[in-house]
Amino acid sequence: MGKTYERIDGRLRKFIEDQPIFFTATAPLAEDGHVNVSPKGRSGTLVVLDELTVAFLDFGGSTAETLAHVRENGRITLMWCAFTGPPTVVRVHGRGEPVFRDDPRFAELIGRFDPTADGSALRCIVLVHATRVSDSCGFAVPLMEYREDRSMHAEFFDRKTDEEFAAYCEGKPYIPVSVDGLPALPLPLPPRP
């Protein structure tokens with residue numbers, strides 16, 4: 001049976017930190033807006049900052065739906081599934097907050113992540129302030145083996161300078177705004193601090 005928890009500590013924290021992949025779920029306020037679910041999986045790109053705060057690195061891609069929804073209404077859910085070991089699913093429901101490159105907190109927060117996780121195409125850090133922490137059985141989650149991170153994303157963006165990455169962001173229609181027209185990544189992209 002599922003349980004709710006007051007905080008992310010002990011067993012829950014270890015479970016979250018041990019998973020090679022997690023999922024983000026967000027939605028706009030508009031009834032006809034697009035719900036978004038995104039997989040996140042580059043090693044070292046998520047940290048539990050304290051018992052009620054999780055942070056993850058947001059890297060470049062073809063859209064910025066998570067950022068748009070968090071900017072509009074803050075609602076976000078993170079989910080981790082055990083694909084090995086005991087069947088478990090953990091969810092952190094909360095309020096998301098993007099910390100962009102020009103935010104004074106950016107430099108201190110980036111220092112909380114594994115230095116090897118920080119790389120090209122980093123757009124911002126997303127803070128998630130937990131309002132509900134829960135787990136459930138995960139009996140229907142398949143058993144799968146993790147082999148390794150894919151390197152294609154990092155390799156693609158590592159070939160770009162920061163200026164080229166900024167131009168890439170400006171050239172994609174759903175990076176400055178979401179598919180529903182909500183403000184997403186503020187442009188022009190400020191340089192890294």
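First things first, this report covers the structure right here in the doc.

A look at the pairing of strand E7 (residues 89-100)
Two strands pair when backbone bridges link them, and strand E6 (residues 75-81) and E7 are joined in this way by seven bridges, in the antiparallel orientation. Considered in E7, the bridge of Cys81 is made with Val89. Relative to strand E8 (residues 122-136), E7 runs antiparallel, the two being bridged by 12 bridges. Residue pairing across strands places Pro98 opposite Val126, the latter belonging to E8.

Side note on the side chain of Arg123
Mapped onto the elements, Arg123 comes out in strand E8. The exposure class of Arg123 is buried, given its relative accessible area of 3%. Engagement of the side chain of Arg123 in a polar contact is seen with the backbone oxygen of Phe59, the distance being 3.3 Å. Each residue touching Arg123, except ones within four places of it in the same chain, is listed here: Asp58, Phe59, Gly60, Gly61, Thr63, Ala64, Leu67, Phe100, Arg101, Phe165, Ile175 and Leu185.

A closer look at a nonpolar patch on the surface
On the surface, Tyr174, Val177 and Val179 cluster together into a nonpolar patch covering about 210 Å² of accessible area. By secondary structure assignment, the location of Val179 is in the segment after helix H5 (162-171). The class for Val179 is partly exposed, based on a relative accessible area of 37%.

Definitions and cut-offs
- Residues numbered from 1 in each chain as written.
- Predicted model: local features only at pLDDT ≥ 70, side-chain atom pairs only at ≥ 80, totals over all residues.
- Heavy atoms only, no water.
- Pairing = 2+ DSSP bridges.
- Helix = DSSP H or I, 4+ residues; strand = E, 2+ residues; numbered from the N terminus.
- Buried < 20%, exposed > 50% of the residue type's maximum accessible area, 1.4 Å probe, protein only.
- Polar contact = N/O pair within 3.5 Å; in protein donor to acceptor, adjacent residues only side chain to side chain.
- Contact = heavy atoms within 4.5 Å.
- Patch = residues over 30% accessible without salt bridge, like charges linked within 9 Å, V, L, I, M, F, W, Y side chains within 5 Å.
- Areas by Shrake-Rupley, 256 points an atom, 1.4 Å probe, with all protein chains shown as cover.
- Salt bridge = Lys/Arg side-chain N within 4 Å of Asp/Glu carboxyl O.

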